[in-house]
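Summary of the model geometry
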Amino acid sequence: MSNAAQRIMVALDYPHAEQAQALVESLAGIPCYMKVGMQLFYSASPGFVNSLKEKGYHVFLDLKMHDIPNTVKGGAESITRLGVDMFNVHAAGGRAMMEAAMEGVDKALTGLGASAVRPAVIGVTQLTSTSQAVMNEEIGLAGTVEEAVLRYAQLTRTAGLHGVVASPLEVVRIKETCGSGFLTVTPGIRPAGSDIGDQSRVMTPPEAFAQGTDYVVIGRPITGAADPRAALEAIIASISE
Ligand SMILES: O=C(O)c1cc(=O)[nH]c(=O)n1[C@@H]1O[C@H](COP(=O)(O)O)[C@@H](O)[C@H]1O
């Protein structure tokens, strides 16, 4: 059960630290991974990340950097100094940008010393809210979503990153193409019967793990539940079965 919990990233998508803190307290003792995204980070600043690390959590800082290489290198350097375990950049920023992120990590680690955490750096492929129709007709990318995701995944691997964010639907092909050790972090997770909301490419938690994903990212099915702890425990139980 605890192994399953470690592979669940709880998306702390809240406007203020107090609400995120209350959720963290309600989940005390469950060794899940905590994901801090832009809504919480822009409001609660690095202090909230530090508080999670002090409590012993693994932390995924999801700021989806996408900028010129020099700027992303500087961002990666600052993020690495926070001591997070994982962060992400948009693969659409290209190879030079992703390589710059890795250089930023190395630069920060040089100054931090041997005990510092080396974060896993993950490329975002096609957002899980993007449908085939939106990708083709609005964004104007040809081909299937799976083809686009695989192209981004290969680019991400070539740039030396550790894995990608994608939907669970693409995990099997990503692992075939990039190797089983190339990490997949999959949002777009919805327990049976829960609202899909703005997500488009979704699977249930057991289905996602059956594809071979390394981590699932789950927000509203936990944070929006009347009893978030019970919701997370039910998800862990469904995976452990
Ligand atoms: O990078 C991410 O974490 C991410 C990428 C993606 O393609 N889709 C996606 O939903 N996410 C994040 O995963 C979380 C999903 O939340 P829920 O839809 O509430 O479960 C949110 O914090 C999103 O920002």
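What counts, and at which threshold
- Residues numbered from 1 in each chain as written.
- Predicted model: local features only at pLDDT ≥ 70, side-chain atom pairs only at ≥ 80, totals over all residues.
- Helix = DSSP H or I, 4+ residues; strand = E, 2+ residues; numbered from the N terminus.
- Buried ≥ 20, exposed ≤ 12 C-beta atoms within 10 Å, placed from the backbone.
- Pairing = 2+ DSSP bridges.
- Right-handed = clockwise from strand over helix to strand, strands pointing away.
- Contact = placed C-beta atoms within 7 Å.

**Remarks on the environment of N136**
- Within the secondary structure, N136 is located in helix 6 (residues 132-139).
- For the pair formed by N136 and F209, sequence separation is 73 residues and the distance between their alpha carbons is 28 Å.

**Comments concerning the pairing of strand 4 (residues 86-90)**
- Of all the 5 residues making up strand 4, 5 are buried; the element is thus mostly covered by neighbouring parts of the structure.
- Burial along strand 4 is two-sided: M86, N88 and H90 and F87 and V89, pointing in opposite directions, are all buried.
- Across 3 bridges, strand 3 (residues 59-65) lies against strand 4 in parallel orientation. Across the sheet, residue F60 finds its bridge partner in strand 4, namely M86.
- On the question of chirality, the crossover connecting strand 3 to the parallel strand 4 by way of helix 4 (residues 69-81) is right-handed.
- With 5 bridges joining them, strand 4 and strand 5 (residues 120-124) adopt parallel strand pairing. For V89, the partnering residue across the bridge sits in strand 5 and is G123.

**Thoughts on the environment of H58**
- Looking at the element boundaries, H58 is found in the loop between helix 3 (38-54) and strand 3.
- Here H58 falls in the partly exposed class, since 19 other C-beta atoms lie within 10 Å of it.
- Residues H58 and M38, 20 residues apart in the sequence, show an inter-C-alpha distance of 17 Å.
- If we skip the residues at most four places from it in the chain, H58 touches Y33 and D85.

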